[in-house]
Amino acid sequence: MSVAPSLLLVTPVRNEAAHIERAVRSVAAQTRRPDQWLIVDDGSGDGTLEILRRIESELPFVRVLEAPERHGLSVDRLAQAAELRAFHLGLATVERERFTHIGKLDADIELEPDYFERLLDEFGKDPSLGIAGGILIEPFGDDWREYRVPDYHVRGALKLYRRECLDAIGGLQERLGWDTIDETYARMWGYTTRSFRHLVARHHRHWGTADGRLRGRSRHGLTAYILRYGLMWAALRSLKVARESPRGLSGVAFLFGYLRAAATRTAKVEDPAFRRFVRRELRGRMLRPRSFYSV
């Protein structure tokens, strides 16, 4: 007999006063709400926490937590996985065995009303599905456009995990590249990972631009090095990234990030099984150009 799904949602937040109420409204309007939603404020200084406390009093399934103040973080909080530390702080406050599915949702995401209902239905139809989510569209002038990623990559901003899969991969690693490391381990364990194109969410800030576009592209190159993607792959990938705004410089920044990581001998994922699996997957993808990988 199948078990009814139970959904835990965790949202790390820092200085999202401009977006958080929109995100909350979209979750509150879901045809299938989360059973519990933990929102972890990580030292916001723009009034975000005050907004969250009001929301907490209005929505019984929402619980707001405050992360302890941390010293010594660089400007590049993404590179130091500050978001993942806040996510884990929230996760540690509940018995996760109570939930069949655990999700991470960023505070600048706006969901369609039936997003979770339809996504949980996909998990129900495919027992091998370990990590899934929808696609993101982002603002471009007066229009919205999709930032394309391969179907097997789920954006870190809106991931949903089957709890057994999350347990099997040993949880999420607090390091740059976590949202590709998790998927790789999931596939190593025999799970499938997928972004569903019929599930669309609005991302109200361009991917990788929280602290500047070029810094984001450079971090993207650094991530590729950490994940053990080869130099040839990085060079080819930089040509694709170069077509993104700012054109040309984006590709240079990506390749610079990769080469700087190599020059400084940045720590890679050390697991030999991970390394072999990545090489095998990349060889297959290099033979299928349309599946060109996006970190």
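Structure first, text after, so check above.
Computed from a predicted structure; not experimentally measured.

*Asks:* Before we move on, could you go through the nonpolar core and cite the residues and values that matter?
*Replies:* If you look at the biggest cluster of nonpolar residues, it comprises 43 residues, and the most contacted ones within it are Leu-8, Phe-87, Ile-169, Leu-172, Tyr-229, Trp-233 and Phe-274. Once residues within four sequence positions are removed from consideration, Leu-8 is found in contact with Gln-36, Leu-38, Leu-91, Val-94, Phe-99, His-101, Ile-102 and Gly-103. Counting residues in each nonpolar core, the second largest holds 34 residues, with Ile-39, Val-64, Leu-105 and Leu-120 among its members.

*Asks:* Hey, could you go over the packing of helix H1 (residues 20-28) against helix H2 (residues 48-58) for me, with residue numbers and the actual values?
*Replies:* Look at H1 against H2: their axes get within 10 Å of each other, and the N-to-C directions meet at 20°. When the axis of H1 is compared with that of H2, the two are roughly parallel. The handedness of the crossing between H1 and H2 comes out as right-handed. Together, Ile-20, Glu-21 and Val-24 of H1 and Ile-51, Leu-52, Arg-54 and Ile-55 of H2 make up the contact between the two elements. Taken together, the residues of the contact of H1 with H2 break down into five nonpolar, no polar and two charged.

*Asks:* Outline a positive patch on the surface, supporting the account with residue identities and numerical values.
*Replies:* A contiguous patch of positive charge, built from Arg-276, Arg-279, Arg-280 and Arg-283, is present on the exposed surface. Here Arg-276 is to be found in helix H10 (residues 272-286).

*Asks:* Kindly report on helix H6 (residues 178-188), identifying the contributing residues and their values.
*Replies:* For H6, a buried count of 10 out of 11 residues is recorded, marking the element as mostly surrounded by other parts of the structure. Taken from the residues just after H6, Gly-190 is the one with a positive phi, measuring 95°.

*Asks:* Kindly report on empty space enclosed by the protein, identifying the contributing residues and their values.
*Replies:* Here the idea is plain: a probe the size of a water molecule rolls over the atoms and shows the empty space left. Inspection of every chain in the model, using the stated rule, returns two cavities of 30 Å³ or more. Approximately 40 Å³ is the volume attributed to the largest cavity. Contributing to the lining of the largest cavity are Leu-9, Gly-103, Lys-104, Leu-105, Tyr-115, Phe-116, Leu-119, Leu-158, Lys-159 and Leu-160. Elements with a contribution of two residues or more to the lining of the largest cavity: strand E4 (101-105), helix H4 (115-125) and strand E8 (158-162). Of the residues belonging to the lining of the largest cavity, the class tally is seven nonpolar, one polar and two charged.

*Asks:* Residues and numbers for the pairing of strand E6 (residues 129-140), please.
*Replies:* Most of E6 sits out of view: 10 of its 12 residues are buried. Pairing geometry for E6 and strand E9 (residues 192-203), over eight bridges, is parallel. Its bridge partner being in E9, Leu-129 is matched across the sheet by Thr-192. Sheet topology places E6 next to E8; two bridges connect them, and they run antiparallel. Paired with Ala-132 across the bridge in E8 is Leu-160.

*Asks:* Requested: an account of the packing of aromatic side chains, with residues and values cited.
*Replies:* Taken as a whole and judged by the stated rule, the model has six aromatic pairs. Grouping aromatic residues by their ring pairs yields a cluster made of Tyr-229, Trp-233 and Phe-254. A cation over an aromatic ring shows up here: Arg-202 above the ring of Trp-144, its NZ or CZ 4.5 Å from the ring centre.

*Asks:* Explain H2 to me, and be specific about the residues and the numbers.
*Replies:* For H2, the complete set of buried residues consists of Thr-48, Leu-49, Ile-51, Leu-52 and Ile-55. For H2, the arc enclosing every buried residue in end-on projection is 155°, short of the 170-degree limit, so these residues lie on one face. Counted as exposed and oriented over 90 degrees from the buried face of H2: Glu-50 and Ser-57. Tucked inside the fold, the buried residues of H2 contact strand E1 (7-13), H1, strand E2 (36-41) and strand E3 (62-66).

*Asks:* Describe the pattern of salt bridges, listing the residues and the values that go with them.
*Replies:* Counting across every chain of the model gives 19 salt bridges. Notably, a salt bridge pairs Arg-32 with Asp-35, separated by 3.0 Å at the nearest N-O pair. Residue Arg-32 is classed as buried on the basis of its relative accessible area, which comes to 18%. The exposure class of Asp-35 is partly exposed, given its relative accessible area of 42%. A salt bridge links Lys-125 to Asp-121, with the nearest nitrogen and oxygen atoms 3.8 Å apart.

*Asks:* Break down the pairing of E3 for me, with residues and values.
*Replies:* Taken together, the five bridges between E2 and E3 define a ladder with parallel strand orientation. Along E3, the bridge assignment pairs Val-40 with Leu-65. Taken together, E2, H2 and E3 form a β-α-β motif whose crossover is right-handed.

The rules behind each value
- Residues numbered from 1 in each chain as written.
- Predicted model: local features only at pLDDT ≥ 70, side-chain atom pairs only at ≥ 80, totals over all residues.
- Heavy atoms only, no water.
- Core = buried A, V, L, I, M, F, W, Y, C linked by side-chain atoms within 4.5 Å.
- Buried < 20%, exposed > 50% of the residue type's maximum accessible area, 1.4 Å probe, protein only.
- Contact = heavy atoms within 4.5 Å.
- Axes fitted to C-alpha atoms, helices over the stretch in contact; angles between N-to-C directions.
- Helix = DSSP H or I, 4+ residues; strand = E, 2+ residues; numbered from the N terminus.
- Parallel < 35°, antiparallel > 145°, perpendicular 65-115°, else oblique.
- Left-handed = near helix turned anticlockwise from the far one by under 90°.
- Nonpolar A, V, L, I, M, F, W, Y, C, P; charged D, E, K, R; others polar.
- Patch = residues over 30% accessible without salt bridge, like charges linked within 9 Å, V, L, I, M, F, W, Y side chains within 5 Å.
- Areas by Shrake-Rupley, 256 points an atom, 1.4 Å probe, with all protein chains shown as cover.
- Salt bridge = Lys/Arg side-chain N within 4 Å of Asp/Glu carboxyl O.
- Lys, Arg positive; Asp, Glu negative; His and termini not counted.
- Charge placed at Lys NZ, Arg CZ, Asp CG, Glu CD.
- 1 Å grid on protein atoms, 1.4 Å probe; cavity = no way out; pocket = protein on both sides within 12 Å on 5 of 7 lines; lining within 4 Å.
- Points joined across faces, edges and corners; volume = space filled by probe spheres on them.
- Pairing = 2+ DSSP bridges.
- Phe/Tyr/Trp six-rings, centres within 6.5 Å; stacked < 30°, edge-to-face > 60°.
- Lys NZ or Arg CZ within 6 Å of the ring centre and 35° of its normal.
- Arc of directions from axis to C-beta.
- Right-handed = clockwise from strand over helix to strand, strands pointing away.

Keep in mind that these numbers describe shape and distance, not what the molecule does.
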